[in-house]
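# Coordinate inspection notes
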Amino acid sequence: MSENAAPGLISELKLAVPWGHIAAKAWGSLQGPPVLCLHGWLDNANSFDRLIPLLPQDFYYVAMDFGGHGLSSHYSPGVPYYLQTFVSEIRRVAAALKWNRFSILGHSFGGVVGGMFSCTFPEMVDKLILLDTPLFLLESDEMENLLTYKRRAIQHVLQVEASQKPSHAFSLKQLLQRLLKSNSHLSEECGELLLQRGTTKVATGLVLNRDQRLAWAENSIDFISRELCAHSIRKLQAHVLLIKAVHGYFDSRENYSNKESLSFMIDTMKSTLKERFQFVEVPGNHCVHMSEPQHVASIISSFLQCTHTLPGQL
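The following refers to the structure shown. (Residues numbered from 1 in each chain as written. Predicted model: local features only at pLDDT ≥ 70, side-chain atom pairs only at ≥ 80, totals over all residues. Heavy atoms only, no water.)

## Observations regarding empty space enclosed by the protein
Tallying each qualifying case throughout the model produces 1 cavity of 30 Å³ or more. Contributing to the lining of the largest cavity are 11 residues, with Pro-134, Phe-136, Asp-141, Ser-261 and Met-265 lying nearest its centre. Elements represented by at least two residues in the lining of the largest cavity include exactly strand S7 (137–138) and helix H7 (256–273). For the lining of the largest cavity, a count of residues per class yields 8 nonpolar, 2 polar and 1 charged. (1 Å grid on protein atoms, 1.4 Å probe; cavity = no way out; pocket = protein on both sides within 12 Å on 5 of 7 lines; lining within 4 Å. Points joined across faces, edges and corners; volume = space filled by probe spheres on them. Helix = DSSP H or I, 4+ residues; strand = E, 2+ residues; numbered from the N terminus. Nonpolar A, V, L, I, M, F, W, Y, C, P; charged D, E, K, R; others polar.)

Structure representation (structure tokens):
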């Protein structure tokens, strides 16, 4: 274990997949109830280094790097990164770890992937924790842009394939400046934490590990209708906790319909899931779980430790 290892970390994992491996890191008790932790777009498993040590250590937490992120293998040439493929990674990880039922803790894009998995494989998910993320992204918010995103996704991949440029090496300072410029909610300390796992040292400096085919999250997301959103929520068997940061994802966008969509999703989950749904607002920004993990740790801990009765059980 490196000197930069997070407190309580028990192992680094490499899980075999047809295109290479999915990397992950594990904390807590191997015998405890499993919790799969899913990071945001272009982040990596280090996203949870400051939060998990504050959570109950009698659970088994596995934070995975999505394909093309962190220490995980890139997808094979010509294979696109889509929401469905990220959802299938969760199923593969569960199979590799022999998990039949587990909880999911997802931040941002990881929450969208975890949410879709929870609706697609509802019998496998005990609890779903959404960290400053919508359960789904709605097409009504993006109707003007949907075809643009599809076009851009294809063009970007073709450009990356055609350029065949070797990875450019940077200094840590250069990479940190670039990262903080494009992510105003990240502190310098949190940026360094992500770069620890997101870069590899070479003779001339550091190179980014992530697949250059990954650019904008919108290229990989499925935007769905309100009807499909409501139908999917009805399929959920999990208890759901949605934590919204006061200065987070929903408040950094000026698009009114985005906030309207949040209200629609919250109202639908309240009316459908009833006592299986909890909504909490906390101070902080979109990366509150990294920058101020104490604001969310006790809420998540209580939710994980609460013994819920499943439908049909007494």
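## Digging into the packing of aromatic side chains
Counting across every chain of the model gives 16 aromatic pairs. Here the aromatic rings of Phe-117 and Phe-121 are separated by 4.9 Å at their centres, their planes lie at 25°, and the arrangement is stacked. Owing to a relative accessible area of 0%, Phe-117 belongs among the buried residues under this scheme. Seen in terms of ring centroids, Tyr-249 and Phe-250 are 4.9 Å apart; in terms of plane orientation they differ by 90°. Their pairing is edge-to-face. Taking the relative accessible area as the measure of exposure, Phe-250 reaches 2% and is therefore buried. Among the aromatic residues, those joined into a cluster by ring pairs are Trp-19, Trp-41, Phe-66, Tyr-75, Tyr-81, Phe-86 and Phe-109. Lys-127 extends its terminal NZ or CZ atom over the ring of Phe-303, reaching a point 5.7 Å from the ring centre. Its guanidinium or amino end placed over the ring of Phe-264, Arg-226 lies 4.7 Å from that ring's centre, counting from NZ or CZ. (Phe/Tyr/Trp six-rings, centres within 6.5 Å; stacked < 30°, edge-to-face > 60°. Buried < 20%, exposed > 50% of the residue type's maximum accessible area, 1.4 Å probe, protein only. Lys NZ or Arg CZ within 6 Å of the ring centre and 35° of its normal.)

## Some points on the layout of surface pockets
Reported here for the largest pocket is a volume of approximately 1300 Å³. Considering the residues around the largest pocket, the lining is formed by 49 residues, among which Trp-41, Leu-42, Ser-182, Asn-183 and Ala-217 are closest to the centre. Of all the secondary structure elements, the ones that give two or more residues to the lining of the largest pocket are helix H2 (109–120), S7, helix H4 (172–182) and helix H5 (188–198). Ranked by residue count, the leading element in the lining of the largest pocket is H4, at 4 residues. Taken together, the residues that form the lining of the largest pocket break down as 21 nonpolar, 20 polar and 8 charged. Put simply, the second largest pocket is a space of about 580 Å³. Lining the second largest pocket are 22 residues; nearest its centre among them are Val-160, Ser-163, Lys-165, Ser-167 and Gln-212. Among the elements that make up the lining of the second largest pocket, the one with the highest residue count is helix H3 (residues 146–163) (4 residues). For the lining of the second largest pocket, the residue count by class is 6 nonpolar, 10 polar and 6 charged.

## Quick word on the pairing of strand S1 (residues 9–17)
Alignment of S1 against strand S2 (residues 20–28), held across 8 bridges, turns out to be antiparallel. From the neighbouring strand, Leu-15 faces S2, where its bridge partner is Ile-22. Hairpin remark: S1 followed by S2, antiparallel, with 2 residues in the connecting loop. (Pairing = 2+ DSSP bridges.)

## Let's talk about the pattern of salt bridges
Tallied over the entire structure, the rule returns 9 salt bridges. Of the charged contacts, one joins Arg-197 and Asp-65 as a salt bridge, the two residues approaching to 2.8 Å between their closest N and O atoms. Of the two residues, Arg-197 sits in helix H5 while Asp-65 sits in the loop between strand S4 (60–64) and helix H1 (83–96), which places them 132 residues apart along the sequence. When the shortest N-O distance is used, the salt bridge between Arg-226 and Glu-260 registers 3.8 Å. Here Arg-226 is found in helix H6 (residues 226–235), whereas its partner Glu-260 is found in helix H7, with 34 residues between them in sequence. Counted as one network, the salt bridges with shared partners bring together Glu-12, Asp-65 and Arg-197. (Salt bridge = Lys/Arg side-chain N within 4 Å of Asp/Glu carboxyl O.)

These values are about where atoms sit, not about what they do.
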